[in-house]
Amino acid sequence: MEGSVKRVLSAVGVFLAGLFVVSSSLCAADKPADPALVRAQFQAVMSQLEPGGDILAVVNVDGLLEGMFGLVEKVISMAPEGDKDAGKIRAALPKVKSFLKRNGFFAGTCAGMSAVPKGDGYYSTSMFLARDPAAAALPLWKGLLGGEPRTQAALGFIPRDAVVVRVLNCDPGQLWRLLKSGVNDIGGPGAGQAFSNGLSAAAMALGTSADRLVDSIGDEMFFSIQLSRDAKIKLPGDGNSAIEIPEPSLLIGLKVRNDTVLSVIDRQIATNKVPVTIAQVGGTKVESMELPAPLPFPVQPSIASHGGYLLIASSRKAMEDSLSAFGQKNGLSSTPEFGGVFAGLPARNNGMAYVSPRYMQTVCDVITKVMETKAAGTSKDAKAAAFMMDLMKW
């Protein structure tokens, strides 16, 4: 497995080298770089990386995106004057460029990556992007990162059998205002009016305005995939074969300021006459929708509001596990496996991602079983299966 990871990381290294070539060529025509500034940008990124491994790459990307945009402008400028489509693009490009620059899209200055083997089949991998400090207050960066690093309270809701987790901080209000200003600044009054009309129609259907809906969402959200350690399901296969895997479930959570999102969901459930079962789980109201369609694994979409978060789960069991993890503090973050992976990393951050080896092993097992079934078929299928299995070993 370590060999495969190393090859993937090498491919990333090649990509970064290509990025360096592109960055150098695009920035070559600009004014000469300030050596002191470049050195400071380099040191800022290097201080976040780990030398002594398989990959150590630092690329100065200051002006790269703006340079690429300038290249697009040059290409469009070569179009014939009578080309109407090119004329529209040519007229819009200055507005797009001004909008992007004003909101921080060109603020990246230096990027880097390092990968060091830990000796247990895993790698300590770091990726870092430095940006102009003044851009921290711009809508794009505030929207994507959600402000200052903090302890991720959402982790408390993740069940202990989660195998894929993504927690992120963002500011939906900033991103929403960025979108609206983009429509008006780039599209002009006509596009702005059409967008406003669409929002009015959506407000009629939802029972609230888009502004109020977005403003009700907080700055933290997450999703997780669970694979049961006990229950199994069988996925239909070719012929009489079936593939057995751990029972999966999905969990989504949003930090919320009020019940606006929940009210919108309840309104849609009532409008579409979806059968709902209501239960109390540890004092929390859980609404579970009854779906008539038969599926190979339990699907009973459930929603609940607890601890300032709106939770949406693919089954009532997943919801119960999430509420139990939060209440009893016995979720994924309490397991030795999770603690070992994140040992030494900052507890305060702007998000995290986690993929358990159990998830990857399950995926590999499913692919292997499918290929084994194919290999028992026709000669053509057997050759294709053998190729795929060799590819997985690579």
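On a predicted model such as this, the values are computed, not experimentally measured, just so you know. (Residues numbered from 1 in each chain as written. Predicted model: local features only at pLDDT ≥ 70, side-chain atom pairs only at ≥ 80, totals over all residues. Heavy atoms only, no water.)

> Lay out the overall build of the protein chain with the relevant residues and their values.
Summing up its helical and strand segments, the protein chain has twelve helices and 13 strands in all. Counting the 394 residues in the protein chain, one finds 32% classified as buried. Here the analysis covers contacts within the protein chain between residues at least 6 apart in sequence; of these, 66% occur between residues at least 24 apart. (Helix = DSSP H or I, 4+ residues; strand = E, 2+ residues; numbered from the N terminus. Buried < 20%, exposed > 50% of the residue type's maximum accessible area, 1.4 Å probe, protein only. Contact = heavy atoms within 4.5 Å.)

> Go over the sheet that holds strand S8 (residues 276–281), please, and point to the residues and values.
In spatial order, the strands read S8-S9-S10-S11-S7-S6-S5-S13; together these eight strands make up an open sheet with antiparallel pairing. The sheet terminates laterally at S8 and strand S13 (351–355), the two strands that pair on one side only. Neighbouring strand axes in the sheet, compared pairwise and without regard to direction, differ in orientation by 15° on average. Looking at chain direction, strand S6 (residues 217–236) and strand S7 (residues 242–256) are connected through 13 bridges and run antiparallel. Looking across to S7, one finds that glutamine 226 is bridged to serine 249. (Pairing = 2+ DSSP bridges. Axes fitted to C-alpha atoms, helices over the stretch in contact; angles between N-to-C directions.)

> Explain the pattern of salt bridges to me, and be specific about the residues and the numbers.
Throughout the structure, instances matching the rule amount to eight salt bridges. A salt bridge links lysine 101 to glutamate 66, with the nearest nitrogen and oxygen atoms 3.2 Å apart. Of the two residues, lysine 101 sits in helix H4 (residues 84–102) while glutamate 66 sits in helix H3 (residues 64–77), which places them 35 residues apart along the sequence. Residue lysine 317 is joined to aspartate 321 by a salt bridge in which the shortest nitrogen-to-oxygen separation is 2.9 Å. Here the residue lysine 317 and the residue aspartate 321 both occupy positions in helix H9 (residues 316–328), the gap between them amounting to four residues, near one helical turn. Note on aspartate 321: relative accessible area 24%, which makes it partly exposed. One network of salt bridges, in which partners are shared, links Arg150, Asp219 and Lys255. (Salt bridge = Lys/Arg side-chain N within 4 Å of Asp/Glu carboxyl O.)

> Quick rundown of helix H6 (residues 172–206)? Include the residues and the values.
With 35 residues, H6 should reach 51 Å at 1.5 Å per residue; the first-to-last C-alpha distance of 18 Å falls well below that figure. The axis of H6 is deflected most strongly, by about 140°, at glycine 188, and proline proline 189 appears within four residues downstream. Contacts from the buried residues of H6 go to H4, helix H5 (139–145), helix H7 (210–215) and S6. After H6 finishes, the residue glycine 207 shows a positive phi value of roughly 85°. (Expected span 1.5 Å × (residues − 1). Bend = angle between axes of the 7 residues up to and from the residue.)

> Can you lay out the packing of H4 against H6 for me, pointing to particular residues and giving the numbers?
One can describe the packing of H4 onto H6 by two numbers: an axis separation of 9 Å at closest approach and a directional angle of 155°. Judged by the inter-axis angle, H4 sits roughly antiparallel to H6. Our pair here, H4 against H6, has a crossing hand that is right-handed. Of H6, the residues touching H4 (which contributes Lys95, Val96, Phe99 and Arg102) are Leu178, Ser181, Gly182, Asp185 and Ile186. For the contact of H4 with H6, the class distribution of residues is four nonpolar, two polar and three charged. (Parallel < 35°, antiparallel > 145°, perpendicular 65-115°, else oblique. Left-handed = near helix turned anticlockwise from the far one by under 90°. Nonpolar A, V, L, I, M, F, W, Y, C, P; charged D, E, K, R; others polar.)

> Lay out the sheet that holds strand S3 (residues 123–131) with the relevant residues and their values.
Read across the open sheet, the three strands follow the order S1-S2-S3; overall the sheet is antiparallel. What marks the edges here is a single partner per strand, and that holds for strand S1 (55–60) and S3. Here the strands of the sheet are splayed against their neighbours by 5° on average, with no regard to which way each runs. Bridge analysis of strand S2 (residues 108–117) against S3 gives nine bridges, and the strand direction is antiparallel. Within S3, the residue paired with alanine 115 across the bridge is threonine 125.

> Any chance you could break down the nonpolar core for me, citing the residues and the numbers?
One finds Val165 and Phe222 to be the most contacted residues of the largest nonpolar core, which totals 22 residues. Elements represented by at least two residues in this core include exactly strand S5 (162–169), strand S11 (309–313), H9 and S13. Apart from residues lying up to four places away in sequence, valine 165 is in contact with Ile158, Phe223, Ser224, Leu332, Met352, Ala353 and Tyr354. (Core = buried A, V, L, I, M, F, W, Y, C linked by side-chain atoms within 4.5 Å.)

> An account of unusual backbone geometry is requested, with residue identities and associated values reported.
Phi at lysine 273 is positive, roughly 55°, even though this residue is not glycine. Checked against the element boundaries, lysine 273 lands in the loop between helix H8 (260–271) and S8. Residue class for lysine 273 comes out exposed when judged on its relative accessible area of 71%. Of note, lysine 329 is a non-glycine position whose phi angle comes to about 55°, a positive value. Position of lysine 329 relative to the elements: it lies in the loop between H9 and helix H10 (336–341).

> Just give me the short version of the side chain of serine 228, but keep the residues and values in it.
On the secondary structure map, serine 228 appears in strand S6. Serine 228 sits in the buried class, given a relative accessible area of 15%. Among the polar contacts listed, one links the side chain of serine 228 to the backbone nitrogen of aspartate 230, at a separation of 3.0 Å. Once you skip the residues sitting within four places of it in the chain, serine 228 turns out to touch Asp161, Pro246, Glu247 and Arg358. (Polar contact = N/O pair within 3.5 Å; in protein donor to acceptor, adjacent residues only side chain to side chain.)

> Summarise the packing of aromatic side chains; cite the residues concerned and give the values.
Tallied over the entire structure, the rule returns nine aromatic pairs. On the basis of an interplanar angle of 10° and a centroid distance of 6.4 Å, the ring pair of phenylalanine 157 and phenylalanine 222 is categorised as stacked. Taken together, the residues span a long stretch of sequence, with phenylalanine 157 in the loop between strand S4 (150–151) and S5 and phenylalanine 222 in strand S6 at a distance of 65 residues. Following the ring pairs from residue to residue traces out a cluster consisting of Phe157, Phe222, Tyr309 and Phe326. When the ring centre of tryptophan 141 is taken as reference, the NZ or CZ atom of arginine 131 above it lies at 5.3 Å. (Phe/Tyr/Trp six-rings, centres within 6.5 Å; stacked < 30°, edge-to-face > 60°. Lys NZ or Arg CZ within 6 Å of the ring centre and 35° of its normal.)

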